[in-house]
Amino acid sequence: MILPGAIHLQHTLESGQVFHWDRQPDGSWAGLADAMPARVREVDGHLAVEQGSPDSIARFFALDHDLESIHKNFPDEPLSRAALEYCGNLRIIRQPLWECMATFITSSMKQVSHIRGMSLAIRHRFGWMPDGACVPAYPSFSSLALAGEQDLRACGLGYRAGNLLATARLLDSGAVNLEKISRLRTPALRKVLTTLPGIGVKVANCILLFAYGRLDSVPIDTWIHRLLLVMRAGRPGTASQLARYARRRLGPSAGYVQQYLFHHARALKRLHGAKFTLDSRPRG
DNA sequence: GGCCAGGAACGTT
DNA sequence: AACGTTCATGGC
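Scoring rules and cut-offs
Residues numbered from 1 in each chain as written. Chains lettered and ligands numbered in written order. Predicted model: local features only at pLDDT ≥ 70, side-chain atom pairs only at ≥ 80, totals over all residues. Heavy atoms only, no water. Near = heavy atom within 4 Å. Polar contact = N/O pair within 3.5 Å; in protein donor to acceptor, adjacent residues only side chain to side chain. Nonpolar A, V, L, I, M, F, W, Y, C, P; charged D, E, K, R; others polar. Salt bridge = Lys/Arg side-chain N within 4 Å of Asp/Glu carboxyl O. Helix = DSSP H or I, 4+ residues; strand = E, 2+ residues; numbered from the N terminus. Buried < 20%, exposed > 50% of the residue type's maximum accessible area, 1.4 Å probe, protein only.

(A) Quick peek at the protein's contact with DNA strand C. The environment of DNA strand C is made up of Met109, Lys110, His114, Arg153, Gly156, Gly158, Tyr159 and Arg160. Taking the atoms of DNA strand C that fall within 4 Å of the protein, sugar and phosphate contribute 62% of them. Between DNA strand C and Lys110 there is a distance of 3.0 Å, counted from a base oxygen to a side-chain nitrogen or oxygen. Separating a sugar or linking oxygen of DNA strand C from a backbone N or O atom of Tyr159 is a distance of 3.2 Å. A breakdown of the residues in the surface near DNA strand C according to their chemical character gives 2 nonpolar, 3 polar and 3 charged.

Below is the structure:
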């Protein structure tokens, strides 16, 4: 079954927004959607469902996002245009709230490949295997709330283990309900998210963008920080100044632009080994 | 071996 | 409010 809505699966699944999908030897991609096994393939720039629920898969891959309109709103600026040319039809997907939150709590000061490794270790140790799946489902916050910190550290989390455990326990206690707060407007939602252990502004913006579908949210990591400085011709700024600049400069779907910039920049580094001539890592 | 990675928390000015 | 430090782990 071919679903409507253009998509580039490799750009979408290997751009550091989700960490459990795997390309199979036959070229299809295997993962989970709504905790159900899913296998999909890109056919003619569209998504073909080979296993799983088409409705769940369409929702997970956010095939309802109007890519043409989003692309039309990309800023008229060289870096954004180059990124759009490189990875058009990359989609920002709609992830389960807790799974997205948990993986990005573990993301701080880790490379994308490490985040993937930690996520898989947690799935194997604490998760469960749905019938016919290739990878275990991510454990619920209630399951992780029962884990010991040492068991989490054994998954390679280091100091992040305490934060993941504390947030899992908070959610399990009912102090915060991830579904209920989804009715809040973005700034209020961001504020609630940043009260949780291990979630600062950057991780909150990842959750807002990749799970809550707030497409104007811009996570500013080391890569985006450097790119914004290049756009500003090297003019430095505080974190909040750069955030304001990004919102204004990247337009109404700033989160989408951000993801294309991030993915393109990382692809260039893999090809050429170099980053940018302006060196200025974010501090604090 | 030094350096850096999709940062956050906390202390000091 | 703006900086500095510290926090584990792994790859190059």
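(B) Spatial organisation of the pattern of salt bridges. For the structure on display, the rule yields 9 salt bridges. Notably, a salt bridge pairs Arg39 with Glu50, separated by 3.3 Å at the nearest N-O pair. In this pair, Arg39 is assigned in strand β4 (residues 36-43) and Glu50 in strand β5 (residues 46-51), connecting sequence segments 11 residues apart. The class for Arg39 is partly exposed, based on a relative accessible area of 27%. What makes Glu50 partly exposed here is its relative accessible area of 34%. Put simply, Glu99 and Arg123 hold a salt bridge, and the shortest N to O gap is 2.8 Å. One end of the pair, Glu99, is in helix α5 (residues 97-105); the other, Arg123, is in helix α6 (residues 112-126), with 24 residues separating them in the sequence. Judged by relative accessible area, which is 13%, Glu99 ranks as buried.

(C) Representation of the protein's contact with DNA strand B. The immediate surroundings of DNA strand B are formed by 29 residues, with Gln111, Val112, Gly198, Gln258 and Gln259 found nearest. A distance of 2.8 Å is found between a base nitrogen of DNA strand B and a backbone nitrogen or oxygen belonging to Gly16. One of the backbone N or O atoms of Val203 is found 2.9 Å from a phosphate oxygen in DNA strand B. Breaking the surface near DNA strand B down by element, the ones donating at least two residues are α11 (201-210), α12 (222-231) and α14 (254-272). For the surface near DNA strand B, the class distribution of residues is 13 nonpolar, 10 polar and 6 charged.

Bear in mind that shape data such as this cannot, by itself, settle questions of function.
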